[in-house]
Every structure is written in structure tokens, then in C-alpha cells.
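# What the coordinates show
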Amino acid sequence: MTEATEIPVIGNDKVTTVSIPVKATRRIVLCNECEDGSYRRSTKRKVRVGNSPTDPVLIPHECKECGHEAFIEAAWVELVWENANLDASRNMLRDQYGHAGVISLIWARTHNFGIGHKGDLPWGRDFPTDLKWFKAVTTHNPKALLVVGRETYEGLPPLPDRQFAVLTTSVSEKTPIDGTEGNGYYYPDIPTLLEEHSETDLIVIGGGHCYKQWFAMADVVYETIIYGSYPVDVFCPMLNADNFTNLDSHCVKNCDDTGKPVVFNIWLSNRAKGSIEEHIIRDRWNFKVEEKLFPEKFTTISE
Ligand SMILES: NC(=O)c1ccc[n+]([C@@H]2O[C@H](COP(=O)([O-])OP(=O)(O)OC[C@H]3O[C@@H](n4cnc5c(N)ncnc54)[C@H](OP(=O)(O)O)[C@@H]3O)[C@@H](O)[C@H]2O)c1
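Residues numbered from 1 in each chain as written. Predicted model: local features only at pLDDT ≥ 70, side-chain atom pairs only at ≥ 80, totals over all residues. Heavy atoms only, no water.

## Overview of the sheet that holds strand β7 (residues 103-110)
Condition: At least two bridges found by DSSP between two strands are what make those strands a pair. Strands are runs of DSSP state E lasting at least two residues, helices are runs of H or I lasting at least four, and both sets are numbered from the N terminus onward.
Spatially, β11-β12-β10-β9-β13-β7-β14-β17-β16 is the arrangement adopted by the 9 strands of the open sheet, whose pairing is mixed. Where the open sheet ends on each side, the last strands, each with one partner, are β11 (175-176) and β16 (244-252). The pairing of strand β10 (residues 163-167) with strand β12 (residues 184-187) spans 4 bridges and is parallel. Across the sheet, Ala165 pairs through a bridge with Tyr185, a residue of β12.

## Thoughts on the confidence of the model for the protein chain
Condition: Confidence of the predictor in every single residue is expressed as pLDDT, which spans 0 to 100. We call two residues contacting when some pair of their heavy atoms lies within 4.5 Å.
Mean pLDDT over the protein chain: 73, with 66% of residues reaching 70 or higher. Ignoring residues within four places in sequence, the model shows residues 1-57, a span with pLDDT below 50, making 169 contacts including any to other chains. Within the model, the stretch residues 74-87 combines pLDDT values under 50 with 47 contacts to residues more than four positions away or in other chains.

## Brief notes about the packing of aromatic side chains
Heads up, the condition is: Centre distance within 6.5 Å is the pairing criterion for rings of Phe, Tyr and Trp, where only the six-membered ring of Trp is used; planes under 30 degrees apart are then read as stacked, over 60 as edge-to-face, and the remainder as tilted. Burial classes: relative accessible area under 20% of the type maximum marks a residue as buried, over 50% as exposed, and values in between as partly exposed (1.4 Å probe, protein chains only).
Summed over the entire model, instances satisfying the criterion amount to 7 aromatic pairs. Geometrically, the ring pair formed by Tyr153 and Phe164 is edge-to-face, given 5.3 Å between the ring centres and 65° between the ring planes. Taken together, the residues Tyr153 in helix α3 (residues 150-154) and Phe164 in strand β10 connect sequence positions 11 residues apart. Grouping residues by exposure puts Tyr153 and Phe164 together as buried. Between Phe215 and Phe244, the aromatic rings sit 5.4 Å apart at their centres with planes inclined by 25°, giving stacked as the arrangement.

This is how it looks when you write it as C-alpha cells:
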């Protein structure tokens with residue numbers, strides 16, 4: 001008899017339940033301590049599925065022997081879509097506050113939409129190529145405000161020349177970060193932020209909670225895909241060509257940082273298509289990935 005486990009998955013505009021038949025599960029468990037191959041059923045963990053039938057799904061589980069975190073690589077599974085209205089209300093939130101700036105999201109993800117592990121990046125901090133890209137996107141428009149969740153903000157190194165709007169429920173009103181006005185402000189919720197910044201360009205820099213809440217409001221997504229096997233426990237929304245148009249894509253083969261290919265994408269959302277935001281993104285705000293990553297190739301030497 002085939003046993004199955006139901007796991008809730010957050011989709012870009014839907015909540016999904018994935019059924020993983022145990023018999024179809026490849027038992028590749030990555031617990032370093034005892035390399036145990038067994039797994040426990042869990043219905044509480046959220047997992048993200050890959051975007052093609054060949055992408056594996058990494059499901060976090062406790063190792064049976066030692067209780068450490070282990071991972072199961074499951075075979076591709078069929079999705080059952082439910083509750084299609086989850087993010088429609090967030091889209092309306094933007095309209096309700098008449099937000100007229102450009103809303104961008106920037107993330108770096110694994111091939112199966114993982115963005116974080118144990119409070120850090122899955123691949124660690126030592127990834128200069130992506131940091132260069134992050135800096136280019138977040139400093140390109142000096143008037144833009146970086147929107148960030150409290151957890152991610154606490155793990156950030158100092159990022160000069162950028163202003164932050166940090167979301168946290170620990171304040172009840174807009175409050176200066178560190179008691180000074182230099183870095184930006186804490187905001188208790190998204191409506192308070194949108195109300196004050198109805199015309200400001202916003203760049204959402206994470207983490208998982210924030211991407212999920214802002215995804216339906218996004219005009220543009222700057223995405224890095226880092227190939228490789230990394231354990232992940234935080235995920236970004238599933239972006240695909242049905243709801244976004246690719247404006248630019250650049251693959252760095254054998255990236256110096258990872259030895260593997262890394263892809264940089266700029267995506268325009270369907271909601272922004274044909275809008276004033278699209279013109280702003282294309283004419284003033286958008287730029288070519290390669291030009292920002294390898295400016296030396298584009299420098300004109302004046303005589
Ligand atoms: N790969 C990437 O591109 C990338 C980028 C950024 C982060 N990350 C990773 O993502 C992980 C962190 O993500 P996360 O989802 O755990 O946390 P997060 O989104 O960074 O922060 C969550 C916290 O933000 C606050 N918050 C979020 N939405 C709010 C709202 N609408 N109103 C008020 N407060 C709100 C809450 O803070 P309080 O608890 O204070 O109320 C919440 O606990 C880390 O592993 C990090 O390394 C990856």
C-alpha cells in the first residue's frame with residue numbers, strides 16, 4: 001500500500017497541497033552526523049517544489065537516529081491547486097493606498113526556490129558576484145527605499161548609502177532605527193509604510209515572509225539563480241513565465257564563486273505590463289545585467 005504525506009506549499013497566488021507518495025520518494029537523506037536514510041512524516045513543514053519535472057524537492061525532516069536536521073530528496077510530484085485568492089487581496093492593498101512608485105523585489109535562490117537556511121543564505125556570505133549585483137540594483141536609484149523583514153535586517157552587514165524600511169510587529173508606529181534617523185525606520189505594518197511612501201520606489205530585499213507578502217504587488221523582480229545542492233528552509237514565491245516577462249537574462253558559466261552556472265534575471269510582472277511603471281522600468285530604471293556585473297567590458301576609454 002502506498003503511504004502518502006500532505007505538505008502545504010505556498011505558491012505565488014495559490015496555496016497548494018503536495019501529495020508525496022512514500023514509495024515514490026528517493027531516500028537521499030543528508031544528515032551529516034549519521035547519514036541515516038529514513039524519514040519521519042511531517043505535515044507542518046512548508047516546502048517549495050521545483051519548476052520542472054526533473055527538479056528534485058528537498059523536504060526538511062528530523063533524522064531518525066540523532067534528531068538533527070536532515071533532508072529528503074523526493075521525486076517530482078503532481079500539484080493540487082487550492083485557494084486561488086490568497087494574493088489577490090494584497091494586490092488590492094497596493095491599489096487601495098494608490099502606490100505610484102515602482103515596487104521591485106530582489107532575491108537570490110536555488111533552483112528549487114530556496115533562499116535561506118538557519119537564518120542565513122543557503123550558500124553562505126561568500127558570494128561576491130551576487131553581492132556586486134545586489135549593490136548595483138539597490139544603489140542604482142538613490143531615492144529608493146529598501147523594504148526588509150526584521151529577521152533579515154538583523155543579519156545584514158552595514159550597507160552604506162541605502163535607506164531602510166524595516167517591518168516588525170515590535171513597534172506600534174513608525175520608529176527611527178537605532179533611535180537615529182540615519183538608516184531609516186521601523187514600520188509596524190505594510191499599510192503604514194505604503195501610506196507614507198505612496199510615490200516612493202520600493203525595493204523589497206527579503207526575507208521569505210516579505211517576499212510572500214509583496215510578490216503580488218511587484219512590478220519587477222531581480223532574480224539570481226544559484227545552481228547547486230544547498231539545504232534550505234525558507235523559500236521565495238514561485239515566479240514563472242505565466243505571470244512575468246523576462247526583460248533580461250545573463251548566465252555566468254562556471255561562476256568563480258561557485259564553479260557552477262549562475263543566472264541573473266530581470267522579470268516584469270503582468271500587473272506592470274502596459275502601465276506607467278513599465279515605462280519607468282524600461283526607460284529609466286531598468287538596465288542590462290551584464291553591464292552592471294562586468295562594467296569593464298563596457299567602459300569607453302576616452303583619448
Ligand atoms: N536569498 C536571498 O535573496 C535572501 C534575501 C533576504 C533574506 N534571505 C534569508 O531569508 C531568511 C529570513 O527570512 P524570514 O522569512 O525568516 O524572515 P524575514 O522576512 O526577514 O523577517 C520576518 C519578520 O519581519 C517582520 N515582518 C514581516 N512582515 C511583516 C508585516 N507585514 N508587518 C510587520 N512585521 C512584519 C516580523 O518581525 P517581528 O518578529 O519583529 O514582528 C517577522 O518576524 C534568512 O535565512 C535570510 O538569510 C535570503
